[in-house]
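Close look at the chain arrangement
Spelled out, the chains give:
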Amino acid sequence: MKTCNGRRGARVGAAMAGLLALTWSTSSAALATKVDLVELDKNGSLLFQDNFDNGLTPSQEPGVYAVFGNFPAGAEAGGRLTIDSEWGGMGTNALGQVRQTLNVTGLTGQNSADPTTLGRNDLISFGGVFDLVVPSGPLNSGYGIVLGERGAGGVLTHSLSLMVQYISSVGPVIRLFDQNFVAGTITVLDEIPLVVPSGADQIGFELSNEDTKSTSFEGSYAFVSNGVSGPGVTFAVAGPMFTMADTVRATVQVYSAVPEPSAWALGSIGMLALGVSRRRRPAAPSA
């Protein structure tokens, strides 16, 4: 009986280890916030705006958005869209690191004949207002806006992102960064520590170019308190766009890192060791 119980304890330890790894890689690392507004301007005119007040999630508007992941019914309510990395799909960043990412991409045009196309000769401004959530570790995570270039088959080749992020080496930051998925590089253009002003409950982001001859895009942000925007801050370093394609698309994104397989293995080993130690522990004396 003792041998049987010991084997059962080992099996339970292994099962717990697997469950721990699964839980750690999804729910416990998830990041969620709400989007209040997205707006896209082309050549000085409003091209698209969503106040998230029709009760339909982006997954329910396939003619308007492409979604990587899936929204549950009710995610859009009260003039806000909840975005949660737990609803995202599994993918990798430009460095090949695994990320659980929820992307909401506006279906603008992809050729010059389409008036909704965002091309290299256009004046473009993409903005979003988010409920201000300070991400916490230990895993990297973030939310914000992205302008992306795509190659054959719609595969993302290059992007410029402006986000609130948790970075394990520095903590919460506001960061402007460039990802080259072909070269496999991520370039941090500028960042500042995230210090929330008293009363601020939202943050607004904007990516824009200065004129139609510029393919450099500036990133700016402003804290919002009770619907009133504070002074805007523009990063000193701009980011390149149209490096691999003549058009871009705008995306709202939330993501969270997934532990590397080595981390899962360490967690499993720890749980298995715990199971073995319990199996070998002498039985307590009878009362």
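Here's the deal with the overall build of the protein chain
Counting its regular elements, the protein chain contains two helices and 19 strands. For the protein chain, buried positions account for 43% of its 287 residues. Residue pairs at least 24 apart in sequence account for 61% of intrachain contacts in the protein chain once pairs closer than 6 positions are excluded.

Overview of the pairing of strand β1 (residues 32-42)
When β1 meets strand β5 (residues 80-84), the two strands line up antiparallel, connected through four bridges. Note on β5: the bridge partner recorded for V35 is L81. Where β1 meets strand β9 (residues 124-131), seven bridges bridge the pair, whose relative direction is antiparallel. Bridged to E39 within β9 is G127. The sheet contact formed by β1 and strand β2 (residues 45-50) spans five bridges and is antiparallel. Note on β2: the bridge partner recorded for D41 is L46.

Some words on the packing of aromatic side chains
Inspection of every chain in the model, using the stated rule, returns seven aromatic pairs. Taking 5.9 Å as the distance between ring centres and 65° as the angle between the ring planes, the aromatic pair formed by F71 and W87 counts as edge-to-face. Within this pair, whereas F71 is found in the loop between β3 (65-68) and β4 (76-77), its partner W87 is found in the loop between β5 and β6 (89-92), the two being separated by 16 residues in sequence. We classify W87 as partly exposed; its relative accessible area is 24%. Ring plane angle 45° and centroid distance 5.8 Å describe the contact between Y221 and F235, whose orientation is recorded as tilted. Of the two residues, Y221 is situated in strand β15 (residues 216-225) and F235 in the loop between β17 (233-234) and β18 (239-240); the sequence distance between them amounts to 14 residues.

Section: the nonpolar core
The biggest cluster of nonpolar side chains holds 41 residues, and the ones touching the most others in it are I83, F130, I174, I203 and F205. When residues in this core are grouped by element, the largest group, four residues, is from strand β19 (residues 247-257).

Observations concerning the confidence of the model for the protein chain
This prediction gives the protein chain a mean pLDDT of 86; 80% of its residues lie at or above 70. Counted against residues more than four places away or in other chains, residues 1-27, with its pLDDT under 50, gives 25 contacts. Scored below 50 in pLDDT, residues 262-287 makes 17 contacts in the model with residues more than four places away or belonging to other chains.

Here's the deal with the pattern of salt bridges
Considering all chains together, one arrives at five salt bridges under this definition. Residues D36 and R80 are paired through a salt bridge, measuring 3.1 Å at the closest nitrogen-oxygen approach. Placement of the pair is D36 in strand β1 and R80 in strand β5, with a sequence separation of 44 residues. A salt bridge links D122 to K42; the shortest N-O distance between them is 3.8 Å. In this pair, D122 sits in the loop between β8 (118-119) and β9 while K42 sits in strand β1, placing the two residues 80 residues apart along the sequence. With respect to class, D122 is no different from K42; both count as buried. Bridged by salt links that share partners, the residues D36, R80 and D131 form one connected network.

Parameters and conventions
Residues numbered from 1 in each chain as written. Predicted model: local features only at pLDDT ≥ 70, side-chain atom pairs only at ≥ 80, totals over all residues. Heavy atoms only, no water. Helix = DSSP H or I, 4+ residues; strand = E, 2+ residues; numbered from the N terminus. Buried < 20%, exposed > 50% of the residue type's maximum accessible area, 1.4 Å probe, protein only. Contact = heavy atoms within 4.5 Å. Pairing = 2+ DSSP bridges. Phe/Tyr/Trp six-rings, centres within 6.5 Å; stacked < 30°, edge-to-face > 60°. Core = buried A, V, L, I, M, F, W, Y, C linked by side-chain atoms within 4.5 Å. pLDDT = per-residue confidence, 0-100. Salt bridge = Lys/Arg side-chain N within 4 Å of Asp/Glu carboxyl O.

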